[in-house]
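This is what each chain is made of:
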Amino acid sequence: MEDKKRLAYSIIQFLHDQLQNGSLSSDAQESLEVAIQCLETAFGVSMEEKELAVAQTLPEIFAAATLTEAPFVQVSSEPASPSEDDAVEAERLKSEGNEHMKTENFEAAVSCYTKALEVNPINAVYFCNRAAAYSKLGNYVGAVRDCERAIAIDPGYSKAYGRMGLALSSLNKYTEAVTYYTRALELDPDNDTYKSNLKIAEMKMKELPSPGAAPPSFDLASWLNNPGFMSMASNLMNNPQVQQLMTGMISGNQNPLGGAAAGANPSSNDLSSLIQAGQQFAQQMQQQNPELIEQLRSQMRSRTPSASNEEQQ
């Protein structure tokens, strides 16, 4: 049972990370929140139980299990320079990969960069570009490995350090990310993306909870003092449909979505009914004041590092 709880904790942790990245639609976020609640209830776990965490995150475990990390390209201690024809072909493949990156065809980009490395396996740019493509696909383990190879080939390549920092941040390894962002800035002091990402990684590193510490609290008081939020809540509570939902939830012998649950066992339907009522309540709030709800979501999200200013070479 302990192993099942640890697995459930890892899944819940992954879903929390997806909520925090800010790239999901509001409907998708609400669905994930419901899924997290269901998993926590079904397995009796919560994010506060840090002792259930395992050494690797779920994406890392998945990458290792499916062998999606970067194919190993042997680099000899004294690599031979490619022929002129090979160098031209490798550059053509790299350029093709860059075009795929622009159109967000990341799998095709990985394929092109890999072929370029087969022709010229000592080019740091090809490794670094493939690392960017792997990061776009969510294969951060592969991105880290390619950045390591790029740095081994060219220790003064700032972009490799910056992309290493981005991949490590995506793996929640903020302490290591700070080290690489710092080195990237030493090599490229005027790069605003590195500066911004370094600040975010430093902030995240400070926010890492100590063992046994409670998770960050949500500032409910500020929202209770928000006139717009309280006005919306008051209007919702006067809505007949919402009143029906609340009455059903409180009584416990009626389906919150309307009508008695005849012949049903109330205890077996409590969780599903509560989830459905919560979803409908959230929809009512979204329809009532979408701008205010977006402010609420923004407060709950955390900033993530950006690669928006990165260009392929």
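Keep in mind it's a predicted model, so treat the numbers as computed, not measured.

The rules behind each value
- Residues numbered from 1 in each chain as written.
- Predicted model: local features only at pLDDT ≥ 70, side-chain atom pairs only at ≥ 80, totals over all residues.
- Heavy atoms only, no water.
- Phe/Tyr/Trp six-rings, centres within 6.5 Å; stacked < 30°, edge-to-face > 60°.
- Lys NZ or Arg CZ within 6 Å of the ring centre and 35° of its normal.
- Helix = DSSP H or I, 4+ residues; strand = E, 2+ residues; numbered from the N terminus.
- Buried < 20%, exposed > 50% of the residue type's maximum accessible area, 1.4 Å probe, protein only.
- Axes fitted to C-alpha atoms, helices over the stretch in contact; angles between N-to-C directions.
- Parallel < 35°, antiparallel > 145°, perpendicular 65-115°, else oblique.
- Left-handed = near helix turned anticlockwise from the far one by under 90°.
- Contact = heavy atoms within 4.5 Å.
- Nonpolar A, V, L, I, M, F, W, Y, C, P; charged D, E, K, R; others polar.
- Expected span 1.5 Å × (residues − 1).
- Salt bridge = Lys/Arg side-chain N within 4 Å of Asp/Glu carboxyl O.
- Core = buried A, V, L, I, M, F, W, Y, C linked by side-chain atoms within 4.5 Å.
- pLDDT = per-residue confidence, 0-100.

1. A few points about the packing of aromatic side chains
Summed over all chains, the structure comprises one aromatic pair. Here R183 stacks its cationic end above the ring of Y161, 5.8 Å away from the centre of that ring.

2. Concerning unusual backbone geometry
Even without being glycine, E104 reaches a positive phi, approximately 60°. Residue position: E104 is located in the loop between α4 (84-102) and α5 (106-119). On the accessibility criterion, E104 (59% relative accessible area) is exposed. In this model, N172 sits at a positive phi of 65°, which is unusual for a non-glycine residue. If you trace the backbone, N172 turns up in the loop between α8 (158-170) and α9 (174-187). On the basis of relative accessibility, which here comes to 30%, the residue N172 falls in the partly exposed class.

3. Comments concerning the packing of helix α6 (residues 124-136) against α8
Where α6 contacts α8, the axes come no closer than 10 Å and their chain directions differ by 20°. By the criterion of interaxial angle, the relationship of α6 to α8 is roughly parallel. Pair α6 / α8 crosses with left-handed handedness. Facing α6, whose interface residues are C128, N129, A132 and S135, α8 presents K159, A160, R163 and A167. Across the contact of α6 with α8, the residue classes tally to four nonpolar, two polar and two charged.

4. Here's the deal with α6
Between its first and last C-alpha atoms α6 spans 19 Å; for 13 residues at 1.5 Å apiece the expected length is 18 Å, and the two agree. Buried residues dominate α6, accounting for twelve of its 13 residues. All of the buried residues along α6 are A124, V125, Y126, F127, C128, N129, R130, A131, A132, A133, Y134 and S135. For α6, the elements touching its buried residues are α4, α5, α7 (140-153) and α8. The positive-phi residue at the C-terminal boundary of α6 is G138, with phi of around 85°.

5. Examining the environment of F106
Inspection of the secondary structure puts F106 in helix α5. Those residues within four positions of F106 in sequence are excluded, and the remaining contacts are M101, A133, K136 and L137.

6. Regarding the pattern of salt bridges
The tally for this structure, following the rule as stated, stands at seven salt bridges. Residues joined by salt bridges that share partners form a network here, namely E89, R92 and E96.

7. Digging into the environment of T114
Within the secondary structure, T114 is located in helix α5. In this structure the C-alpha to C-alpha distance between T114 and G97, which are 17 residues apart in sequence, comes to 9.4 Å.

8. Digging into the nonpolar core
Formed by 39 residues in total, the largest nonpolar core has its most connected members in M101, A150 and Y157. Elements with a contribution of two residues or more to this core: α4, α5, α6, α7, α8, α9 and α10 (192-207). If we skip the residues at most four places from it in the chain, M101 touches F106, A109, Y113, A132, A133, K136 and Q312. Counting residues in hydrophobic clusters, the runner-up holds eleven residues, among them A8, I12, L19 and L39.

9. A short note on the confidence of the model for the protein chain
Overall, the prediction assigns the protein chain a mean pLDDT of 75, with 58% of residues at 70 or greater. Element-level mean pLDDT values for the protein chain span from 56 in helix α15 (residues 290-300) up to 95 in α6. Below pLDDT 50 for its whole length, residues 67-78 participates in 26 contacts with residues either more than four positions away or in separate chains. Overall, residues 253-268 carries pLDDT values under 50, and its contacts beyond four positions in sequence, including any with other chains, amount to 19 contacts.

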